[in-house]
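Spelled out, the chains give:
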Amino acid sequence: MNYLFAIWAIVAKDVRSELRLRYALNALLMFVVTSLAVIIIAFQDSELNPEILSALFWIVIFFTAMSGLSRIFVSEEERGTILVLQLVASPSAVYFGKLIFNCGLTLLLSSAVTLLYVIVFPTFVIQSLVIFVCTVFLGSLGFASASTMIAAIIAKAQAKSTLYTVLAFPVLAPLLITVIYATALSIQGDIWSNSIPQFQIMIGYLCVVVGFSFLMFDYVWKD
Amino acid sequence: MNSLKVLSIILIAFTIFAGITVPMAPQPQSIFEFPDIPGLGETARIIFFHVPAAWVSVLGFLISLYFGFKYLRTKEYNYDIKSVSAAGLGMLFCVLAMVTGSLWAKFAWGSFWNWDPRETSIFILLLIYGAYFALRSALGSDEIRARLSAVYAILAGLTAPFFIFIMPRVIGGLHPGAEGDSSGSIPIAQLKMPLNMYIVFFTGLVGFTLLFIWLLNVRIRAVSVEHQLLIKDQ
Amino acid sequence: MSEFLSQNQLYIVLIVTLFIWIGIVLYLVRLDRKISRLEEQFKED
């Protein structure tokens, strides 16, 4: 019971500090709006086919995640609160708390991007809603879990933001490819059974990343 | 150790000699002729060098994983040295495999790079280990660097077999052995090659592996000596 | 001369490749000996 309480406490702490200062939320929102503006200007009247729309959708999410999600551990390092966290909770509780927070943040982010896309692009009509929702949900979770682990790894490094993107991209690449393909399928209105291999990959990716992070987090966290 | 080195020299020299000179004929008459596969022709010889390079690269990454794991267990700095050296060699042979592969692609399919699933996956593998070295250079303290790169080496080493063995077989593509290729997914394991070709190929594989062991040994010793020099100066 | 070269292209490739391989081997052996010498230096200290 203590364990679950610790996880919940960490999530609550992060949510509260986020609402207080809104560093991450603001940065993410600004990034989404700016990249979307660039896309609109670039693609003013051209016809956007499903593949391009899908790729753009996830590119925006990817780069926004790169700019914002590393804060989860970097902010602790900057504020000097790492020692306190190490004392107060077990490493896996810290990991799961941070993971849940990141998942929430990424889900929020992808919902925002979806909303904006529906408003801005008339051709962004999703014909298979089920595939789309599942893809975005699983994709966001996958993004968040990989990002959390990598954020923990780079927390003590120099040149954090570039290093973060350099490390995150190859790790996220298989997920990105799968998710873009699945989203394109959902825009075209494909049937559920055609996208099952993609969902298998997404779920497999989630399991492997979370499992690996859970096992290895101790070594990254403690000195 | 010395016998391994001599053996690797001999084996690779033999592979080069046999791989290049044994003629190809449509219906091989003797053991001194390779079958001519329609569509591939003389370019099939690349298999003697391109496949061992890729295999040695994966070997390097798996060994890097193993030493990373040992470091986390025992916290001995020597294991970190071994892990980096193996990863470096893995990178080297990954690049070699990519280059030989794209040279072959130019002859077989017309262009150097096609974003075929196998090509893409080996490129991502290259990026993963490039990130490994970027991570190492961004970390100052020896101990932290060793610990974090060991964790990353384990993660990256787990993805390497996935990228090399699993992904290209599951997703359809141009490279031999992908989904939809009629000649079967593992031509080597299924002994689809005639015996004489198989012998030369296997010799090359063993020769390259021994070469890898030699290179790894030299590299580890070089880094260790360098490290000892550093310690002595302090 | 050029006829001979164009007829025996395969063997030219072979000889070049073997040359490259011998070069690599000689370099490796030299490196190996250098490191052994350094290691002995350390053992003596």
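Computed from a prediction, not measured in an experiment: that's the story for all the values here.

Trainee: Hey, could you run me through the overall build of chain C in this one?
Mentor: Within chain C, the secondary structure is distributed over two helices and zero strands. Among the 45 residues that make up chain C, the fraction classed as buried is 0%.

Trainee: What's the story with helix 1 (residues 2-21) of chain B in this structure? I'm lost.
Mentor: Within an α-helix, residues lying three or four positions from one another point in the same direction, as the helix has 3.6 residues per turn. Look at helix 1 of chain B: 29 Å from first C-alpha to last across 20 residues, which is about the 28 Å you get at 1.5 Å a residue. Those residues of helix 1 of chain B lying buried are Ser-8, Ile-9, Leu-11, Ile-12, Thr-15, Ile-16, Ala-18 and Gly-19 of chain B. Those residues of helix 1 of chain B hidden inside the fold are in contact with helix 2 (47-74) and helix 6 (195-233) of chain B together with helix 2 (9-44) of chain C.

Trainee: Hey, could you run me through the interface of chain B and chain C in this one?
Mentor: Facing the 13 residues of chain B at the interface are 14 residues of chain C. Contributing elements (two or more residues each) for the side of chain B that touches chain C: helix 1 and helix 6 of chain B. Take the side of chain B that touches chain C: its biggest share by element is seven residues, from helix 1 of chain B. In terms of residue class, the side of chain B that touches chain C is built from 10 nonpolar, two polar and one charged.

Trainee: I keep staring at the interface of chain A and chain B and nothing clicks. Help me out?
Mentor: Reports often express the size of an interface as the amount of accessible area lost when the parts come together. Of the residues lining the interface, 16 residues belong to chain A; the matching set on chain B comes to 16 residues. Counting only elements with at least two residues in the side of chain A that touches chain B, the list comes to helix 8 (160-188) and helix 9 (196-221) of chain A. If you tally residues by element for the side of chain A that touches chain B, the top one is helix 8 of chain A, at seven residues. Its residues assigned to classes, the side of chain A that touches chain B comprises 14 nonpolar, one polar and one charged.

Trainee: When you look at the nonpolar core in this model, what are you seeing that I'm missing?
Mentor: Proteins that are soluble and globular tend to have nonpolar side chains buried together. One finds Ile-150, Ile-153 and Leu-167 of chain A to be the most contacted residues of the largest nonpolar core, which totals 128 residues. The element that contributes the greatest number of residues to this core is helix 8 of chain A, accounting for 15 residues. Each of two domains, domain 1 (1-36 + 190-218) and domain 2 (52-187) of chain B, supplies a minimum of three residues to this core. Not counting chain neighbours up to four residues away, the residues in contact with Leu-167 of chain A comprise Ile-150, Ile-153 and Ile-154 of chain A together with Ala-131 and Leu-135 of chain B.

Trainee: Is there a simple way to think about the environment of Trp-214 of chain B in this case?
Mentor: The residue Trp-214 of chain B is located in helix 6 in this model. Taking the C-alpha atoms as reference points, Trp-214 of chain B and Leu-89 of chain B, separated by 125 residues in sequence, lie 11 Å from one another. When near neighbours in sequence (up to four residues on either side) are disregarded, Trp-214 of chain B contacts Leu-4, Lys-5 and Ser-8 of chain B together with Leu-28 of chain C.

Trainee: Looking at this model, I keep getting lost on the confidence of the model for chain C. Mind explaining?
Mentor: Where the model shows low pLDDT, its predicted coordinates should not be examined in detail. In the predicted model, chain C carries a mean pLDDT of 81, and 98% of its residues have values of at least 70. Across the predicted assembly, pTM comes out at 0.83 and ipTM at 0.81.

Trainee: Which parts of the structure should I look at to understand unusual backbone geometry?
Mentor: Generally, phi is negative for residues other than glycine and the peptide bonds are trans, each holding for most cases. Despite not being glycine, Lys-75 of chain B has its phi angle at roughly 60°, a positive value. Relative to the assigned elements, Lys-75 of chain B resides in the loop between helix 2 and helix 3 (77-109).

Trainee: Help me understand the packing of helix 2 (residues 23-42) of chain A against helix 6 (residues 91-120) of chain A, please; the structure alone is not making it clear to me.
Mentor: For any two helices packed against each other, the geometry comes down to the angle between their axes and how far apart the axes lie. Residue and element names in this part refer to chain A. Following both chains from N to C, one finds helix 2 and helix 6 inclined at 30°, their axes separated by 11 Å at the closest point. The angle between helix 2 and helix 6 places the two elements in the roughly parallel class. For the pair helix 2 and helix 6, the crossing hand works out as right-handed. On helix 6, the residues that touch Ala-24, Leu-28, Val-32, Leu-36 and Ile-40 of helix 2 are Leu-105, Leu-109, Ala-112, Val-113, Leu-116 and Val-120.

Calculation rules
- Residue numbers run consecutively from 1 along every chain, following the written order of its sequence.
- Working convention: letters from A go to chains and numbers from 1 go to ligands, in the order in which they are written.
- Per-residue local features are limited, in this predicted model, to residues with pLDDT of at least 70; the limit for side-chain atom pairs, both in listing and counting, is 80 or more; totals at the level of whole chains, interfaces and linings are taken over all residues.
- By the criteria applied, helices consist of DSSP H or I runs no shorter than four residues and strands consist of E runs no shorter than two, each listed in order from the N terminus.
- As a rule, residues whose C-beta atom has 12 or fewer other C-beta atoms within 10 Å are exposed, those with 20 or more are buried, and those in between are partly exposed; C-beta atoms are placed from the backbone.
- To estimate how far a helix should extend, the number of its residues minus one is multiplied by 1.5 Å.
- By definition, residue pairs are in contact when their C-beta atoms, positioned from the backbone, come within 7 Å.
- When residues are sorted by character, Ala, Val, Leu, Ile, Met, Phe, Trp, Tyr, Cys and Pro go into the nonpolar class, Asp, Glu, Lys and Arg into the charged class, and all the rest, Gly among them, into the polar class.
- Joined through C-beta atoms within 7 Å, a set of buried Ala, Val, Leu, Ile, Met, Phe, Trp, Tyr and Cys residues constitutes a nonpolar core.
- Marked domain ranges trace back to an automatic or database domain assignment.
- Confidence per residue, as judged by the predictor, is encoded in pLDDT with a range of 0 to 100.
- The convention used is that axes are lines fitted to C-alpha atoms, helices contributing only their stretch in contact, and that angles between N-to-C directions extend from 0 to 180 degrees.
- Should an angle fall under 35 degrees it is taken as roughly parallel, and over 145 as roughly antiparallel, whereas 65 to 115 is taken as roughly perpendicular and any remaining angle as oblique.
- Helix crossings are classified by the rotation of the near helix relative to the far one: an anticlockwise turn of less than a right angle makes the crossing left-handed, while a clockwise turn makes it right-handed.

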